[in-house]
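# Structure at a glance
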Number of protein chains: 2
Amino acid sequence: MTAHRALPSHFRDNLRGFFDAQSIAVIGTFREGWFGGSVVITSLFNAGYKGKIYPIHPTHKEVHGLRVYPTVSDIQGGIDLAILMINAQHVPQVLRECAEKDVKAVIVVADGFAERDQRGVLLQREIVDIAHRSGMRIIGPNTAGIVNTTNGLNMCPYDAGYYKLRKGSVAICAQTGMTNPQAFPYHDLRFGVSKICDFGNKCDVDECDLLEYLEEDPATSVISMYLESIAQGRRFLEVASRVTRKKPVLLLKSGKSQEGARASASHTGSLAMDDRIFEAVCAQAGALRLERFNDLFEIPKVFAYQPLPQGNRMAIITITGGVGVLSIDEGANYGLALSTLSPRTREFLNDIFPNLGEIPVDIGPPAAAIKDFPSRYPEIFNAVMADEHVDCLFNILWVDHIGRLVELYETVYKQIKDTYQKPMVTWLYGPNMAYVDELRQRMEELGFPVFPDPETSIRALGMALRFRNLTPRN
Amino acid sequence: MTAHRALPSHFRDNLRGFFDAQSIAVIGTFREGWFGGSVVITSLFNAGYKGKIYPIHPTHKEVHGLRVYPTVSDIQGGIDLAILMINAQHVPQVLRECAEKDVKAVIVVADGFAERDQRGVLLQREIVDIAHRSGMRIIGPNTAGIVNTTNGLNMCPYDAGYYKLRKGSVAICAQTGMTNPQAFPYHDLRFGVSKICDFGNKCDVDECDLLEYLEEDPATSVISMYLESIAQGRRFLEVASRVTRKKPVLLLKSGKSQEGARASASHTGSLAMDDRIFEAVCAQAGALRLERFNDLFEIPKVFAYQPLPQGNRMAIITITGGVGVLSIDEGANYGLALSTLSPRTREFLNDIFPNLGEIPVDIGPPAAAIKDFPSRYPEIFNAVMADEHVDCLFNILWVDHIGRLVELYETVYKQIKDTYQKPMVTWLYGPNMAYVDELRQRMEELGFPVFPDPETSIRALGMALRFRNLTPRN
């Protein structure tokens, strides 16, 4: 499409201009409210951003104690990144000023471009031309911004009410603002994120650029992405194939149905790819396809905090037989096979309670029948986890109405942390959500992912297995 | 299998002996704890049960102020229902005593029957024989009991920590204890239930008996059921076909995979049906197949509290374009087509904001751009809901970090209650879960179901459409 597509290292450098910006021009309205320049500056301050911040406004003099400049040209020093929160029709002129000032990274928040109408298509083409002529990169338009938790760069134009996000290794990028701080309660998340990016209409920076940047980003170990379209199929195949050798790439794509594809066009001006082609591209590139919106936030947890399974033999320890069976069904979709425990483990478990060594390991009956069950539980758990026939574990626990075994379960998890090089996923249930949530939080603080339902738990293990089976590629 | 299978009305009468029991014998241990007779009596008291309760124990004299009888034979009056919380090997003898006392309904809680081993298979056969000879019906063995919210009959042998369940029209029955009060937080549910039943190994009372009983139960309008197997395929087809003419029957079945089917056998001793046959039976019977465990509790809400759609034209009002597209994809799986609004509505909406009349109706741009958006929102909402091209609505709302529009949205829902004979489902999101939960509770109190993710919201509408399309059958 344009000449600089041939220079991938150049792209990565340019995206560093976004995420590692040392100086930022904030261009837009500064009236108090839930949107705009005032919000961005507050967010940067509260997130601990240490770089320079230059508010730009024709008439204001001071904002949040910062001097306001009439235009970017009035700033003495260099500008790494500008964020534009102005009406679409004013964007080209301000972009030209940014180009003159040699700003190399610009976030265009305004909507009313290719997603709106033919006039918007032309306007979008105009800003791309400005960018290409000056070597500037654009994220957007129609974007809710970006976040880098490493340096406190929280560039969300909408007030989320919280600012510091937990640092972690999950990068979440989307062709929608739905994964940005104003939409998703990241402060309730017990797993940390590295980067967030809404590439909006992706008139310039697209999923391939992001993938190339995240490939080299040491803070990111897993990439979770929502797409309505693939900008350049061939390049995507090439880039994703390379990135997935290092890091899992999880992809949710809408527009599966013809009606969905049509709606994409009016949301971000995207031309959707035939879903069968997309499926084939994912398979060839080693990208793991997500199924549901919440997967974007749930599935990465297993990659960020657990080792990969070294085989497909799954053990299930459950206090409910019914959900055990459902889980086996779901596992079969991903090639996860219920492990037959080794003779030694079976004997050990059957000595504790009749048939306990069968699969799934149903601790329901012994929990009801054995008086000292709490002291036996760690032995049962460790015997299964240590079994050489077991590659991964799905652990189902019941939390009773007074949270009786919360301490015990937490202690067991604490003790086995880093003991077994096997992934474990957990689902909790019980009659009192307060205790279920309490235990979930404690386990996730220890780095053990807990999922909201049995099927998602299994899907996370299944995705981990799929990624493991990719890695021998050359 | 047995002679009394020919007498369906007799079955129904017998199941009334369970759910409408006026006198109950509670047989088992009465030591304080989280399981057993003491728990059942406490639950019955606290749930407001007004019938007679007779604790049975060989040595105890008094429990919770009630006189304890050594055996059921020592009780003067009649006994409608007995619950047995004793070890498996003692069950036949106590059942015989119940038979002599002419008890017609018995819940056998003990495990260690057909799900355990060959000895258990024989034991289970023995208790079935006792029952058949005396015209007694058995729920179980290996069951977590039953609940009837109409009369406070909360017969759960495990302490759930709460007793009164909200009355409503959803019956939840399962071949697992996972849907009983000790496992599921019904007290957090804002939708009421009519009956709960775990039929365990279903040695006698099975899903067909339950369906026939619930068919006639005036308190039940929708039936949500988890099965590992179908006891009698032909009878199921016949009964389900009849029931689904009156009430939706939602079915989740495990054992889809071969491995899952094997595990069923050791959970409840069931022989699983080939999944393709089950699929065909469901289709022929008009039963609606659920996909996930949580569906058991989520999908019934749309049937219990919303009218059926009169057609497949779905409108979506969304503040996020991305999720709008995902929703269209999901809807296509169920034959839900995105509605094109009538010219009048389009004109009205486009006058409020450019392109607002397009589909899905994206209120994101006007919400950001129009100063008096809160006062326009009700007009937008009502215009879409009233449109004669719209049969049902998926409403997506964003709750900001200070819960600003919670009151507005609640007011709009309050105002339209009973105005439109069209079903509406809602998904809420936002950066602060406390406000999201607050609004969800308020909306569900008004009878508008709110779902935990976009896909489940759409699936609920899709299931309602499927049921609607069944109803013209004769």
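Residues numbered from 1 in each chain as written. Chains lettered and ligands numbered in written order. Predicted model: local features only at pLDDT ≥ 70, side-chain atom pairs only at ≥ 80, totals over all residues. Heavy atoms only, no water.

### What to know about the overall build of chain A
On a plain count of helices and strands, chain A comes out with 17 helices and 20 strands. Relative to a compact globule of 474 residues, whose C-alpha radius of gyration would be 23 Å, chain A shows 25 Å and is just as compact. When its C-alpha atoms are laid out on the principal axes, chain A stretches across 80 × 50 × 35 Å. If you sum the accessible surface of chain A, you get close to 17000 Å²; carbon and sulfur atoms cover 49% of it. Here chain A contributes 50 positive and 55 negative side-chain charges, whose respective centroids are spaced 4 Å apart. (Helix = DSSP H or I, 4+ residues; strand = E, 2+ residues; numbered from the N terminus. Rg over C-alpha atoms; globule rule 2.2 N^0.38 Å. Areas by Shrake-Rupley, 256 points an atom, 1.4 Å probe, with all protein chains shown as cover. Lys, Arg positive; Asp, Glu negative; His and termini not counted. Charge placed at Lys NZ, Arg CZ, Asp CG, Glu CD.)

### Things to note about the sheet that holds strand β2 (residues 52-56) of chain A
Residues and elements named next belong to chain A. Across the sheet, which stays open at both edges, the 5 strands sit in the order β2-β1-β5-β6-β7 with parallel pairing between neighbours. In this open sheet, the two strands that pair with only one neighbour each are β2 and β7 (137-139). For this sheet, the mean inter-axis angle between neighbouring strands, taken without regard to orientation, is 20°. Relative to β7, strand β6 (residues 105-108) runs parallel, the two sharing 3 bridges. Bridged to Ala105 within β7 is Arg137. (Pairing = 2+ DSSP bridges. Axes fitted to C-alpha atoms, helices over the stretch in contact; angles between N-to-C directions.)

### Overview of the environment of Pro365(A)
Turning to its location among the elements, Pro365(A) is positioned in helix α13 (residues 364-369). Not counting chain neighbours up to four residues away, the residues in contact with Pro365(A) comprise Phe353(A), Asp111(B) and Arg116(B). (Contact = heavy atoms within 4.5 Å.)

### A short note on the nonpolar core
By size, the foremost hydrophobic cluster in this structure holds 180 residues, and its most contacted members are Tyr186(A), Phe303(A), Phe381(A), Tyr186(B), Phe303(B) and Phe381(B). Residue contacts for Tyr186(B): discarding those within four places in its chain leaves Tyr162(B), Leu165(B), Ile172(B), Thr179(B), Asn180(B), Pro181(B), Val193(B), Ile196(B) and Phe297(B). (Core = buried A, V, L, I, M, F, W, Y, C linked by side-chain atoms within 4.5 Å. Buried < 20%, exposed > 50% of the residue type's maximum accessible area, 1.4 Å probe, protein only.)

### Details of the environment of Tyr429(B)
With respect to the element layout, Tyr429(B) can be found in strand β19 (residues 424-429). For Tyr429(B), the contacting residues outside a window of four places in its chain are Met178(A), Ala183(A), Ile319(B), Thr320(B), Ile396(B), Leu397(B), Trp398(B), Val399(B) and Val436(B).

### So, the sheet that holds strand β11 (residues 193-198) of chain A
Residues and elements named next belong to chain A. Pairing is mixed across the open sheet formed by 7 strands, whose spatial order is β9-β8-β11-β10-β12-β13-β14. Both outer strands of the open sheet, β9 (153-155) and β14 (288-289), are each paired with one neighbouring strand and no more. By the bridge criterion, 6 bridges tie strand β10 (residues 167-174) to β11 in an arrangement that is parallel. Looking across to β11, one finds that Cys173 is bridged to Cys197. Most of the contacts of helix α5 (residues 207-216) go to strand β12 (residues 222-227), to which it runs at about 175°, and overall it touches β10, β11, β12 and β13 (249-253).

### Describing the domain arrangement of chain A
All names here are of chain A. Domains assigned within chain A are domain 1 (3-301) and domain 2 (307-470). If you average the C-alpha positions of domain 1 and of domain 2, the two centres end up 39 Å apart. The partner domain 2 presents 19 residues to the 17 residues of domain 1 that form the contact. In total, about 1500 Å² of surface goes out of reach between domain 1 and domain 2, with carbon and sulfur atoms giving 59% of it. Ranking the residues of domain 1 by area buried against domain 2 places Arg190, Leu288 and Ile299 at the top, with a combined share of 38%. The tally of links from domain 1 across to domain 2 stands at 4 salt bridges. The partner of Arg190 in a salt bridge is Glu444, with the nearest N and O atoms 3.5 Å apart. Where domain 1 meets domain 2, there are 6 residue pairs in polar contact (both at pLDDT 80 or more). Counting residues per element, the ones that place at least two in the side of domain 1 that touches domain 2 are β14 and α9 (295-298). Of the residues assigned to the side of domain 1 that touches domain 2, the class counts are 5 nonpolar, 2 polar and 10 charged. (Domains from an automatic or database assignment. Buried area = accessible area lost by both parts, 1.4 Å probe. Salt bridge = Lys/Arg side-chain N within 4 Å of Asp/Glu carboxyl O. Polar contact = N/O pair within 3.5 Å; in protein donor to acceptor, adjacent residues only side chain to side chain. Nonpolar A, V, L, I, M, F, W, Y, C, P; charged D, E, K, R; others polar.)

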